[in-house]
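Breakdown of the fold
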Amino acid sequence: MLDFFRRVIYQRIGCFNTDTFLDCSERTFGTTGGSVFYELVTSIAFIVAILVPLMLSVAYLTLWERKLIGWIQIRIGPNRVGPAGLLQPIADGIKLLFKEVILPANANKALFLLAPIAMLIPAIAAWAVIPFAPEVVLADINAGLLYIIALTSMGVYGVIIAGWASNSKYAFLGAMRSAAQMVSYELAMGFALVVVLMVSGSLNLSDIVEAQGRGRFASMGLGFLSWNWLPLLPMLIVYFVSGIAETNRAPFDVVEGESEVVAGHMVEYSGMTFALFFLAEYMNMILIATLTVVMFFGGWLPIWDSALTNAIPSIVWLVAKIFVVVSMFLWIRATFPRYRYDQIMRLGWKVFIPLTLVWIVVIGAWMQTPWNPWK
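Being a predicted model, the structure only gives us computed values, none of them experimental. (Residues numbered from 1 in each chain as written. Predicted model: local features only at pLDDT ≥ 70, side-chain atom pairs only at ≥ 80, totals over all residues. Heavy atoms only, no water.)

Regarding the overall build of the protein chain
Broken down by element type, the protein chain carries 15 helices and 0 strands. Counting only residues that meet the buried cut, the protein chain has 46% of its 375 residues in that class. Long-range contacts, defined as pairs at least 24 residues apart, comprise 74% of the intrachain contacts of the protein chain with a sequence gap of at least 6. Surface accessibility of the protein chain: about 18,500 Å² in total, with carbon and sulfur atoms responsible for 69%. (Helix = DSSP H or I, 4+ residues; strand = E, 2+ residues; numbered from the N terminus. Buried < 20%, exposed > 50% of the residue type's maximum accessible area, 1.4 Å probe, protein only. Contact = heavy atoms within 4.5 Å. Areas by Shrake-Rupley, 256 points an atom, 1.4 Å probe, with all protein chains shown as cover.)

Remarks on helix α5 (residues 109-125)
Because an α-helix completes one turn every 3.6 residues, residues spaced three or four positions apart along the sequence face the same direction. The terminal C-alpha atoms of α5 lie 25 Å apart, and with 17 residues this matches the ideal 24 Å at 1.5 Å per residue to within 8%. For α5, every residue scored as buried is listed here: F112, A115, P116, M119, L120, P122 and A123. (Expected span 1.5 Å × (residues − 1).)

Side note on the side chain of S202
Tracing the backbone shows S202 in the loop between α8 (169-200) and α9 (205-211). Given a relative accessible area of 13%, S202 falls into the buried group. A distance of 3.0 Å separates the side chain of S202 from the backbone nitrogen of N204, its partner in a polar contact. Residue contacts for S202: discarding those within four places in its chain leaves L197, D207 and I208. (Polar contact = N/O pair within 3.5 Å; in protein donor to acceptor, adjacent residues only side chain to side chain.)

Details of the environment of W229
When you line up the elements, W229 lands in the loop between α10 (216-219) and α11 (233-246). Counting along the chain gives 17 residues from W229 to Q212, while the straight-line C-alpha distance between them is 9.8 Å. Leave out the neighbours within four places in its chain, and W229 touches F224, L236, F296 and F297. Of note is the side chain of W229, whose polar atom sits 2.6 Å from the backbone oxygen of F224.

Pasting the structure below:
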């Protein structure tokens with residue numbers, strides 16, 4: 001897809017029979033201008049190649065959620081729009097696109113419209129450092145893990161702005177709940193990632209994945225036993241559960257408690273402004289699942305080393321793992337009842353944060369012993 005977008009753009013500027021795109025751009029715009037233009041076009045093509053599949057994934061994740069929960073509850077799920085209901089997300093998107101966007105009379109209209117955008121932008125920008133395969137990443141920066149932590153912590157501002165700008169007590173109460181919950185579980189997620197940083201010795205996400213392909217088990221061909229999920233199992237549980245709470249998914253969805261605050265900070269929104277909140281939520285779900293795979297399940301690495309598994313493209317392994325982890329989000333929603341707010345806060349502050357702090361010490365001590373599996 002990336003090469004397709006590149007070729008389309010370069011054909012538009014009249015470069016048809018060139019050896020490389022860089023030679024074409026340098027001949028058209030000069031050496032310096034051509035190099036800059038080449039980098040610009042490459043970045044734009046990569047961004048489009050990430051965003052288009054991501055938007056389609058978000059759309060069809062809603063269908064997969066309704067289908068999976070339907071099967072769990074012995075129902076059929078959507079099956080009317082298109083063959084096997086496959087056009088249901090398209091129909092939902094068109095409906096939301098044509099619905100009226102209502103602005104409350106006493107709301108701060110500028111901030112009211114800014115809030116869903118403020119939630120969506122960090123969810124999109126975080127994908128810039130996600131490695132999809134060896135050397136296939138938009139921005140392979142050394143501080144990728146720090147970049148992810150910084151961006152994911154910004155989503156709470158969109159929630160707070162939405163609750164305050166709506167000028168509604170229900171929306172404000174939901175925003176305060178969400179802000180406290182998100183900040184609480186961000187700490188546990190951050191500490192869990194510190195442990196991953198310790199064992200990997202790098203903040204670069206590609207290096208973190210490659211580090212899981214080394215070790216005693218990897219040398220034996222058992223790659224899945226060298227991934228971080230096994231020695232860091234408590235941190236995997238903390239990170240995944242905290243990710244569910246961070247995205248306000250069930251059973252941590254007290255922000256949208258129907259019996260109390262209806263839809264929380266989104267209660268005054270309608271049409272596409274309402275849809276943007278859900279777009280950000282589902283995009284964050286896929287992002288948390290992707291980071292879980294990258295940090296703990298070997299990213300694009302195959303399960304074991306063999307001619308058959310190595311023949312499968314790296315990105316296929318990554319997407320398959322992400323699909324399994326995202327499905328866990330949906331399975332948990334269909335299984336557990338909603339927690340009380342005090343239970344959610346107690347889990348975050350009295351269980352997860354102390355556990356991560358203790359595990360940092362345990363892993364630090366373990367790494368100094370002869371039994372260090374990360375050498």
